[in-house]
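# Coordinates in review
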Amino acid sequence: DLDAMQHNFPFRSFDDSILKEPNVYRTYEAVTHYGEAIKRIINEQCGDGIMSAIDFYLDVGTTTGKHGEKRVVITFNGKFLPHIEQAQEDNSAKSPRN
C-alpha cells in the first residue's frame, strides 16, 4: 500500500538477497568493477576526500547508442567531502572523561 510506505522512515541496510535481482546485481557489479577508477578520478579532480551519500542525488535516464540501441545513463550527484586532519587541540568540546 503506497500510503503506508510513505509513512515509514527509510533506514540503511543491506540484504544479500537483493543481489539476485538482475538490474541491481549488474549495477553493483559495475560500481564494484570501476570503483577504484572512480575513486582515483574523484581524488584527481577534487582532491583527497569522498563523495557524500547523504547529500546525494541520483538520476536514471536513457540515451541512444551509435547502433540505435537504447542505453541506460546513471548519474550520481554527491557533495564532495574533503578529508580533514582532526587534531585534539582543535576540539572545542571538553571530554566527558576528564
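The text that follows walks through the structure, step by step, so that each part is easy to find.

Rules used throughout
- Residues numbered from 1 in each chain as written.
- Predicted model: local features only at pLDDT ≥ 70, side-chain atom pairs only at ≥ 80, totals over all residues.
- Heavy atoms only, no water.
- Patch = residues over 30% accessible without salt bridge, like charges linked within 9 Å, V, L, I, M, F, W, Y side chains within 5 Å.
- Areas by Shrake-Rupley, 256 points an atom, 1.4 Å probe, with all protein chains shown as cover.
- Salt bridge = Lys/Arg side-chain N within 4 Å of Asp/Glu carboxyl O.
- Helix = DSSP H or I, 4+ residues; strand = E, 2+ residues; numbered from the N terminus.
- Buried < 20%, exposed > 50% of the residue type's maximum accessible area, 1.4 Å probe, protein only.

## Some words on a nonpolar patch on the surface
On the surface, V31, M51, L58, V60, V72, I74 and F76 cluster together to form a nonpolar patch covering roughly 620 Å² of accessible area. Sorting the residues of the nonpolar patch by element identifies β1 (49-64) and β2 (70-82) as the ones contributing at least two each. With respect to the helices and strands, the residue V31 is situated in helix α2 (residues 22-46).

## Points about the pattern of salt bridges
A full pass over the atoms with the stated rule returns three salt bridges. Here E29 and R26 are joined by a salt bridge, their closest N and O atoms 2.6 Å apart. Note that E29 and R26 are positioned in helix α2 at a spacing of three residues, about one turn of the helix. Its relative accessible area of 32% is what places E29 among the partly exposed residues. E69 is the salt-bridge partner of R71, the closest N and O atoms lying 3.2 Å from each other.

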